[in-house]
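Understanding the architecture of this molecule
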Amino acid sequence: MQTNNTQQDHGSAIPALSVESVSFGYGERQALSDVRFTAPAGRFTALLGPNGAGKTTLFALITRLHRAPSGRIAILGHDLATDPGAALARLGIVFQQPTLDLDLSVAQNLRYFAALHGIGRSEANRRLEEELSRLDMLERAGEKVRKLNGGHRRRVEIARALLHRPALLLLDEPTVGLDLPTRRRLIDHVHSLCRDEGIAALWATHLIDEIDPAADRVVVLHRGRIRDEGDVAEVMKRSGAPSLANAFDRLTAEAPREGAAA
Ligand code: ATP
């Protein structure tokens, strides 16, 4: 499904996402402090943090809903502050709250989004068939979203986020409210996108069981600061913990640091 451009991008050493020394506050309330990490192409990176860690705030900065007053964010090397068009063109997002129009059909929701990205009608139809097929949703294309269950709505949102062929897919706690088999299926699907399509996924969660210890990277965020980043085995080794759950407990057990969110 990749464009030539994506293949070139994937072949380079430039990370799909690079966050460098980013800080952000809501007024006096510091939500992120000196955050820095990367999300490489072809990897599933879990942004792991408890409630209030700053995950949604970070996503708001990466999507430019908020502006970072300091530091730098780049998507495939395109600086979000100085080259936002090129950066955002390579970004797909599944927000925490569903954002589909319930009274439009699945296909109408996708076509509308494709049009916003300047994708012509026939190309949009081709891509929506491809993405919906991949998610076993093609036969539901004509149905109103209102008639779909939560898991199927999430699948449509993932299909929509992939229509413009992003290199980086952000998912903000996408399994909230879904039952276990549906969660598992979504997680497996995003892993296959990373593995087979070279997409970089940044998956925000506070659920350890959503992380594959053998394959995933983790970025542990706690009270607005990065506590560790790397392959699961590396993070466990550095913290001296026998499991990722135990490492996460240790990394998030400490009191807030100076200047971080309470
Ligand atoms: P959750 O898992 O609960 O969604 P999160 O990791 O996404 O949490 P954020 O929602 O980014 O965390 O919140 C980070 C900090 O910023 C918290 O202390 C939160 O109370 C604060 N915060 C978030 N949004 C606002 C806002 N609009 N105004 C003031 N403070 C905010």
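Scroll up for the structure.
To keep things clear, this report deals only with the structure shown in the data block.

**Re the pattern of salt bridges**
Any two side chains of opposite charge can pair if their charged atoms end up close together. In the structure shown here, the tally under the stated rule is 24 salt bridges. Across the salt bridge formed by Asp79 and Arg72, the nearest N and O atoms sit 3.0 Å from each other. Judged by its relative accessible area of 16%, Asp79 is buried. Taking the relative accessible area as the measure of exposure, Arg72 reaches 28% and is therefore partly exposed.

**Let's talk about the nonpolar core**
In terms of nonpolar packing, the biggest core is built from 44 residues, with Leu110, Leu132, Ile158 and Leu171 touching the most fellow members. Here this core gathers at least three residues from each of two domains, domain 1 (4–90 + 166–253) and domain 2 (101–165). Excluding anything up to four places from it in sequence, Leu171 contacts Phe59, Val94, Ile158, Val190, Ala201, Leu202, Trp203 and Ala204. Of all hydrophobic cores here, the second largest spans 28 residues; its members include Leu32, Ala87, Ile93 and Ala204.

**Overview of the site of the ligand**
Close to the ligand lie 14 residues; Gly52, Lys55, Thr56, Thr57 and Glu173 are nearest. Separating an oxygen atom of the ligand from a backbone N or O atom of Ala53 is a distance of 3.1 Å. With respect to the ligand, the side chain of Thr57 contributes an N or O atom lying 2.5 Å from an oxygen atom. Coverage of the ligand by the protein chains reaches 66% of its 630 Å² of free accessible surface. Every element with two or more residues in the shell around the ligand is listed here: strand E2 (29–39) and helix H2 (55–62).

**Digging into the packing of helix H4 (residues 106–116) against helix H5 (residues 121–134)**
Contact pair H4 / H5: the axes reach a minimum separation of 10 Å and the direction vectors enclose 125°. In terms of axis orientation, H4 runs oblique to H5. Crossing of H4 over H5 shows right-handed handedness. On H5, the residues that touch Val106, Ala107, Leu110, Arg111 and Ala114 of H4 are Arg121, Ala124, Asn125, Leu128 and Leu132. When the residues that make up the contact of H4 with H5 are grouped by side-chain class, the tally is seven nonpolar, one polar and two charged.

**Remarks on the pairing of strand E10 (residues 225–231)**
Bridge count between strand E9 (residues 217–222) and E10: six bridges; the pairing is antiparallel. By the bridge assignment for E10, Arg217 is matched with Asp231. Taken together, E9 and the strand that follows it, E10, pair antiparallel across an intervening segment of two residues, in which Arg223 is found at a positive phi of about 50°.

**Some thoughts on the sheet that holds strand E7 (residues 168–172)**
With mixed pairing, six strands are arranged side by side in an open sheet as E6-E7-E8-E3-E9-E10. Edge positions in the sheet fall to strand E6 (91–94) and E10, since each of these pairs with one other strand and no more. Taken pair by pair, the neighbouring strands of this sheet meet at an average axis angle of 15°, ignoring direction. As paired elements, E6 and E7 share four bridges and run parallel to each other. Paired with Gly92 across the bridge in E7 is Leu169. The strands that helix H6 (residues 150–162) touches are E6 and E7; relative to E6, the one it contacts most, it runs at about 170°.

Rules and cut-offs
- Residues numbered from 1 in each chain as written.
- Predicted model: local features only at pLDDT ≥ 70, side-chain atom pairs only at ≥ 80, totals over all residues.
- Heavy atoms only, no water.
- Salt bridge = Lys/Arg side-chain N within 4 Å of Asp/Glu carboxyl O.
- Buried < 20%, exposed > 50% of the residue type's maximum accessible area, 1.4 Å probe, protein only.
- Core = buried A, V, L, I, M, F, W, Y, C linked by side-chain atoms within 4.5 Å.
- Domains from an automatic or database assignment.
- Contact = heavy atoms within 4.5 Å.
- Near = heavy atom within 4 Å.
- Polar contact = N/O pair within 3.5 Å; in protein donor to acceptor, adjacent residues only side chain to side chain.
- Areas by Shrake-Rupley, 256 points an atom, 1.4 Å probe, with all protein chains shown as cover.
- Helix = DSSP H or I, 4+ residues; strand = E, 2+ residues; numbered from the N terminus.
- Axes fitted to C-alpha atoms, helices over the stretch in contact; angles between N-to-C directions.
- Parallel < 35°, antiparallel > 145°, perpendicular 65-115°, else oblique.
- Left-handed = near helix turned anticlockwise from the far one by under 90°.
- Nonpolar A, V, L, I, M, F, W, Y, C, P; charged D, E, K, R; others polar.
- Pairing = 2+ DSSP bridges.

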